[in-house]
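Each chain is listed here by its residues.
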Amino acid sequence: MPKTVSCADQYGDYQTPHVLATQICRLLSERGIVVASVLEPTSGVGNLLLAALGQFPDVTNAVGIEINGDYVRLLEEKLRASLEVATNVNIVCASFFHVDLDDLLGHLPEPILVVGNPPWVTNSALGVLGSKNLPKKSNFQNHVGLEARTGKSNFDISEWMLRKLVEALDGRRATLAMLCKTAVARKVLTHAWKSGLSLTESEIHPIDSAKSFGAAVDACLLVSSFEPEGTSRECRIYPHFGSTNPTAIFGYHDDTLIADLALYHRWKHLAGPEIYKWRSGVKHDCAKVMEIRREGHQYRNGLGELFELEEDHVFGMLKSSEITKGVGKIPTRRMLVTQKSMTDNTLTMVNHAPKTWDYLERHAEYLDRRASSIYRNRPRFSMFGVGSYTFSAWKVAISGFYKALQFAVVGPHEGKPVVLDDTAYFVPCQTESEAQYVAGLLNSQPAREFFSAYVFWDAKRPITIELLRRLDLTSVAQELGSREILDHFRSQNE
Ligand SMILES: C[S@@+](CC[C@H](N)C(=O)[O-])C[C@H]1O[C@@H](n2cnc3c(N)ncnc32)[C@H](O)[C@@H]1O
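Residues numbered from 1 in each chain as written. Predicted model: local features only at pLDDT ≥ 70, side-chain atom pairs only at ≥ 80, totals over all residues.

### As for the overall build of the chain
- Along its length, the chain carries 20 helices and 20 strands.
- With respect to the principal axes defined by its C-alpha atoms, the chain has extents near 90 × 60 × 35 Å.
- Across the 494 residues of the chain, 39% fall into the buried class.
- For the chain, restricting intrachain contacts to residue pairs at least 6 apart in sequence, the fraction spanning at least 24 positions comes to 74%. (Helix = DSSP H or I, 4+ residues; strand = E, 2+ residues; numbered from the N terminus. Buried ≥ 20, exposed ≤ 12 C-beta atoms within 10 Å, placed from the backbone. Contact = placed C-beta atoms within 7 Å.)

The following block contains the structure:
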């Protein structure tokens, strides 16, 4: 734990430049919002608060909350120099986490504008810094505990603040206008929609965060309006800041988060049971030992060692980044696959593949210390995601990381099936013609548009197995007029 904690790091301190602050308040004014009071929940040196007071001269009350005393003094000086006495402005030096928001908002005349740019920092970054700039006891921390167990513990502090703000604005007449990561904006809106909060409309305006903050982050201005009777579950997405025409509307429908409502309504009849079962590639968590390259009659691993193995357990492999190149792609790597199914006893290798077993034992220190609980109480040197599907000769595959919906046919190499890494998803097929046909269905316009309705391209892994499982290929075949071809392949597989 570092002895001194840098203020900038623990407070996620990226002050909004004056130009952007002015543009934001002008955009709000052009939307025609009426403002009686302003709250800036982490006011910093006050550029957003001052821009709001300049843009909305009828404001009678304003509050800024800021943890950094130097910033509070600086802002108070600026206010003394610029404000007319008519506005009652109070800058509170406090942590947002200790403020009673309901009480504070209850004392502000409506309509309220909550405008700000909460700290750009995650709970795990604060953990590394040893910082206590976190909420004390809250659902947020329970959430982190749960996420920590499932391995998703990285949480934006701004998300917690924004959740608290939308909850506190429920039932009031107000507008929330916040700069944040686009992924955070989406999570906060989803929380508000699922909780039935009284929103009337929402907008996401992307900002150039590299230009304004020197940070390469997908960020936006989130604008949400609240009215006591509000029931909106939709958000307009604009292509860039200042644009007047939204490119898509995302929202919450049928208990599902939808990325593009127009596409969703056009293609929702294609949703249905999974005709071809989607699978993940093989997981081993030990690339240095299990991913190898052929050199003559030998193999070389990621540790630089040269050795011999029996052929039985060695398969050509494609990483998900290599998949889109499709048929004819010659694997440059091989994967050592220890099992045919996840219950296979690996000890049988002692007799039928002694060189392979010897190699694994020599590298047991790497394999035995694999941390994931999936390897616990399983045969030694086990893998995950292996079954008959792993060894199907033909596959139609897609990478979970790609920013494009492109399905590729993967065929055998040197007479053996090619295996995929665990960041790829695929459906197994028996023949090349079947794989080509299935890839044709998946790459068709109806299927792509169906998937696009759910995909958020700024997500770390935009393509998920849950997404792929939504599509009913029978309905796609029907749509394309080729249902009997699909039935023919299905009957051959039975
Ligand atoms: C991204 S900066 C933005 C500042 C200002 N809102 C603006 O738009 O220019 C985040 C601000 O949050 C303040 N901050 C960080 N943690 C805070 C907390 N727990 N309570 C109140 N302010 C906090 C930082 O000191 C910093 O001024």
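Having seen the structure, we can now continue with the description.
### Quick notes on the nonpolar core
- Residues V38, A52, V396, A397 and V438 are the most contacted members of the largest nonpolar core, which totals 122 residues.
- Filtering out sequence-adjacent residues up to four positions away, V396 remains in contact with F407, V409, F426, V427, C429, A435, V438, A439 and L442. (Core = buried A, V, L, I, M, F, W, Y, C linked by C-beta atoms within 7 Å.)

### What about the packing of helix α2 (residues 18-30) against helix α3 (residues 47-55)?
- Viewed as axis vectors pointing N to C, α2 and α3 meet at an angle of 40°, and their least axial separation amounts to 9 Å. Considering the angle they form, α2 stands oblique to α3. The two elements α2 and α3 cross, and the hand of that crossing is right-handed. Contacts from H18, A21, T22, I24, C25, R26 and S29 in α2 reach N47, L48, A51, A52 and Q55 in α3.
- Tallied by class, residues from the contact of α2 with α3 come to six nonpolar, five polar and one charged. (Axes fitted to C-alpha atoms, helices over the stretch in contact; angles between N-to-C directions. Parallel < 35°, antiparallel > 145°, perpendicular 65-115°, else oblique. Left-handed = near helix turned anticlockwise from the far one by under 90°. Nonpolar A, V, L, I, M, F, W, Y, C, P; charged D, E, K, R; others polar.)

### Let's talk about the sheet that holds strand β9 (residues 248-253)
- Read from one edge to the other, the open sheet built from ten strands follows the order β3-β2-β1-β4-β5-β7-β6-β8-β9-β10, with strand pairing classed as mixed. Among the strands making up the open sheet, the edge pair consists of β3 (88-93) and β10 (256-258). Within this sheet the neighbouring strands show an average axis-to-axis angle of 15°, counted without direction.
- In the sheet, strand β4 (residues 112-116) pairs with strand β5 (residues 174-181) via five bridges, with the strands oriented parallel. Directly across from V114, in β5, lies its bridge partner L176.
- Sheet contacts for helix α4 (residues 69-82): β2 (61-66) and β3; angle to β3, the most-contacted strand, approximately 165°. (Pairing = 2+ DSSP bridges.)

### Comments concerning the site of the ligand
- Of all residues adjacent to the ligand, which total 24 residues, the nearest are Y11, T16, T42, G44 and N117.
- Within the residue set of the shell around the ligand, elements represented by two or more residues are α3 and β2. (Near = placed C-beta within 6 Å.)

### Regarding the sheet that holds strand β17 (residues 394-399)
- On the basis of which strands lie adjacent, the open sheet formed by four strands has the order β11-β20-β17-β18 and antiparallel pairing. Edge strands, defined here as strands with exactly one partner in the open sheet, are β11 (279-280) and β18 (408-410).
- The strands touched by helix α16 (residues 432-442) are β17, β18 and β20 (424-429); relative to β17, the strand with the most contacts, the crossing angle is about 30°.

### Remarks on the domain arrangement of the chain
- Looking at the chain, the domain boundaries give domain 1 (7-258) and domain 2 (279-493).
- A C-alpha centroid distance of 43 Å is found between domain 1 and domain 2.
- Of the residues forming the side of domain 1 that touches domain 2, the biggest block, three residues, is contributed by helix α9 (residues 182-194).
- Taken together, the residues of the side of domain 1 that touches domain 2 sort by class into two nonpolar, one polar and two charged. (Domains from an automatic or database assignment.)

### Considerations on unusual backbone geometry
- Note that the residue after E110, namely P111, is joined by a cis bond; omega there is 0°.
- Mapped onto the elements, P111 comes out in the loop between α5 (101-106) and β4.
- A positive phi is found at D285, a non-glycine position, where the angle reads about 55°.
- With respect to the secondary-structure elements, D285 resides in the loop between β11 and α12 (287-290).
- A positive phi is found at E414, a non-glycine position, where the angle reads about 50°.
- With respect to the helices and strands, E414 occurs in the loop between β18 and β19 (419-420).

### A few points about helix α8 (residues 157-169)
- For α8, spanning 13 residues, the distance from its first C-alpha to its last is 19 Å, which sits close to the expected 18 Å at 1.5 Å a residue.
- In terms of burial, α8 is a largely internal element, twelve of the 13 residues being buried.
- Those residues of α8 that sit buried are I157, S158, E159, W160, M161, L162, R163, K164, L165, V166, A168 and L169.
- Positive backbone phi, approximately 85°, marks G171, located one or two places after α8. (Expected span 1.5 Å × (residues − 1).)

### A word on helix α17 (residues 445-452)
- All of the buried residues in α17 are A447, F450 and F451. The arc that holds the buried residues of α17, viewed along the axis, is 95°, so those residues lie on one side.
- Where α17 is buried, its residues contact α11 (261-267), α16, α18 (465-469) and α19 (473-480). (Arc of directions from axis to C-beta.)

### Topic: the pairing of β5
- Burial within β5 is extensive, with eight of its eight residues counted as buried.
- Where β5 and strand β7 (residues 219-226) come together, eight bridges link them in antiparallel fashion. Note on β7: the bridge partner recorded for L176 is S224.

### Examining the environment of L221
- Examined against the element boundaries, L221 turns out to sit in strand β7.
- Overall, L221 belongs to the buried group, with 23 C-beta atoms counted inside 10 Å.
- Considering only alpha carbons, one finds L221 and F241, 20 residues apart in sequence, at a separation of 8.3 Å.
- Once residues within four sequence positions are removed from consideration, L221 is found in contact with I24, A177, L179, H205, I207 and F241.

### Here we look at the pairing of β20
- Within β20, six of the six residues are buried, which leaves it mostly tucked inside the rest of the structure.
- Of the two faces of β20, the one carrying A424, F426 and P428 and the one carrying Y425, V427 and C429 are both buried.
- Summarising the sheet, β11 and β20 pair through two bridges and their orientation is antiparallel. Each residue of the ladder has a partner; that of S280, found in β20, is Y425.

### A closer look at the environment of S392
- By the element assignment, S392 lies in the loop between α15 (364-367) and β17.
- A count of 19 C-beta atoms within 10 Å places S392 in the partly exposed class.
- C-alpha of S392 to C-alpha of V289: the two residues are 103 residues apart in sequence and 24 Å apart in space.
- Not counting residues up to four positions away in its chain, the partners in contact with S392 are P417, P428, C429 and Q430.

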